[in-house]
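Observations on the three-dimensional arrangement
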Amino acid sequence: MGFEGVDALDGTRIATDLREDPSGLSPAAARSVAATLLADGRFSEPYCEWLPTWYELALIAPVRYGEWRLRRVAAALADAASVTVTAPRFSRPRDVTIDGRPALARVSGFRERFLLADALLHLEWFEHAAAADGIEVPAALVDRTREESLSYYGGDRDCLSDPVRRFQRLLFADDAWVRRVDESYGLDSGLFGLWERFLRAERERLAST
């Protein structure tokens, strides 16, 4: 998207330092990693609320345990570098209206709810992580993307404007992240596979429209 500040941190160097000596991260790198871990940990429980009740009930325990683990790691990295980081607040269905109606009034299927949740919460995740990295994301673009995406995935809007469609196409690229996690931990998870297919299909669809 051409945002300012995308080269401020060396991701390859940070990954190496995390493997070899996490306590030696620079303050900027530690802030970036800790903020991302906190966002990852906080992300899943609100996400579950956007999906059917059976899904939320099945995942809530492992989701909360995962958040606890990530919070511990983030706190250790932040303390070692003497930096302060906070977790973002993600939107829940009760916080949102779409085209004047309750957030989930016009979406019912699992896939539809999944895409609506990703379009909104991944935007919020990215805004938080980018700020921690020193990346300047225009507030007007964030606001426009939020408004159009909510109406498109959960309301009356027929299409996204060009900049919002491009932004969402990049945000939906987390299918690659899902696949790497599944492969790295040897999970062979049917649920992760389903997430990956939904995300990849939507990214490809946005790229073709």
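Residues numbered from 1 in each chain as written. Predicted model: local features only at pLDDT ≥ 70, side-chain atom pairs only at ≥ 80, totals over all residues. Heavy atoms only, no water.

1. Thoughts on the packing of helix α7 (residues 175-184) against helix α8 (residues 190-208)
The relative placement of two packed helices comes down to the angle between their axes together with the axis-to-axis distance. Interhelical geometry of α7 versus α8 gives an angle of 160 degrees and a closest axis separation of 8 Å. In terms of orientation, α7 and α8 fall into the roughly antiparallel class. Note that α7 runs across α8; the crossing there is left-handed. Taking contact as the criterion, the partners of D175, V178, R179, V181 and D182 in α7 are, on α8, F192, W195, E196, L199, R200 and R203. In terms of residue class, the contact of α7 with α8 is made up of five nonpolar, no polar and six charged. (Axes fitted to C-alpha atoms, helices over the stretch in contact; angles between N-to-C directions. Helix = DSSP H or I, 4+ residues; strand = E, 2+ residues; numbered from the N terminus. Parallel < 35°, antiparallel > 145°, perpendicular 65-115°, else oblique. Left-handed = near helix turned anticlockwise from the far one by under 90°. Contact = heavy atoms within 4.5 Å. Nonpolar A, V, L, I, M, F, W, Y, C, P; charged D, E, K, R; others polar.)

2. Quick word on the packing of aromatic side chains
Overall, the coordinates contain 16 aromatic pairs when judged by the stated rule. For the ring pair F3 and F167, a centre distance of 5.8 Å and an interplane angle of 75 degrees mean the geometry is edge-to-face. Taken as a pair, F3 in the segment before α1 (11-20) and F167 in helix α6 (residues 162-171) lie far apart in primary sequence, 164 residues in all. Like F3, the residue F167 is buried in the burial classification. Considering the side-chain rings of F43 and F90, the 5.4 Å spacing of their centres and the 85 degrees angle between planes classify their relative orientation as edge-to-face. Here the residue F43 occupies a position in helix α2 (residues 27-49), and F90 occupies one in the loop between α3 (53-81) and β1 (97-98), the gap between them amounting to 47 residues. Note on F43: relative accessible area 16%, which makes it buried. On the accessibility criterion, F90 (2% relative accessible area) is buried. Among the aromatic side chains, those forming a connected cluster through ring pairs are F43, Y47, W54, Y55, F90, F110, F114 and F198. (Phe/Tyr/Trp six-rings, centres within 6.5 Å; stacked < 30°, edge-to-face > 60°. Buried < 20%, exposed > 50% of the residue type's maximum accessible area, 1.4 Å probe, protein only.)

3. Overview of the side chain of E124
Counting through the fold element by element, E124 comes out in helix α4 (residues 110-133). Looking at E124, the relative accessible area reads 13%, which means it is buried. Polar contacts involving the side chain of E124 include one to the side chain of R146, which spans 2.8 Å. (Polar contact = N/O pair within 3.5 Å; in protein donor to acceptor, adjacent residues only side chain to side chain.)

4. Concerning α4
Here α4 is 24 residues long and its end C-alpha atoms lie 33 Å apart, about the 34 Å a rise of 1.5 Å per residue gives. Summarising burial for α4: 18 of the 24 residues are buried, a large majority. Once α4 finishes, G134 follows within two positions and takes phi at roughly 80 degrees, a positive value. (Expected span 1.5 Å × (residues − 1).)

5. Some remarks on α3
The end-to-end C-alpha distance of α3, which contains 29 residues, comes to 40 Å, matching closely the 42 Å that a straight helix rising 1.5 Å per residue would cover. For α3, the principal kink sits at I60 and spans about 50 degrees; a proline, P62, occurs within the next four residues. Within α3 the residues assigned to the buried category are Y55, L59, I60, V63, E67, A74, L77, A78 and A81. (Bend = angle between axes of the 7 residues up to and from the residue.)

6. Comments concerning the nonpolar core
In this structure, W50, F114 and Y153 are the most contacted members of the largest nonpolar core, which totals 37 residues. Contributions of two or more residues to this core are made by α2, α3, α4, α5 (139-154), α7 and α8. Residue contributions to this core peak at 10 residues, all from α4. Not counting the four nearest positions on each side in its chain, W50 is found in contact with S91, R92, P93, V96, A103, L104, R113, L116, A117, L120 and L121. I14, A30, L37 and A78 belong to the second largest nonpolar core, which has 14 residues in total. (Core = buried A, V, L, I, M, F, W, Y, C linked by side-chain atoms within 4.5 Å.)

7. Regarding the environment of R200
Position of R200 relative to the elements: it lies in helix α8. On the basis of relative accessibility, which here comes to 28%, the residue R200 falls in the partly exposed class. R200 sits 20 residues away from R180 along the chain, and the two C-alpha atoms are 13 Å apart.

8. Comments concerning the side chain of E148
Within the fold, E148 resides in helix α5. In contact with E148, not counting residues within four places along its chain, are R157, L160, S161 and V164.

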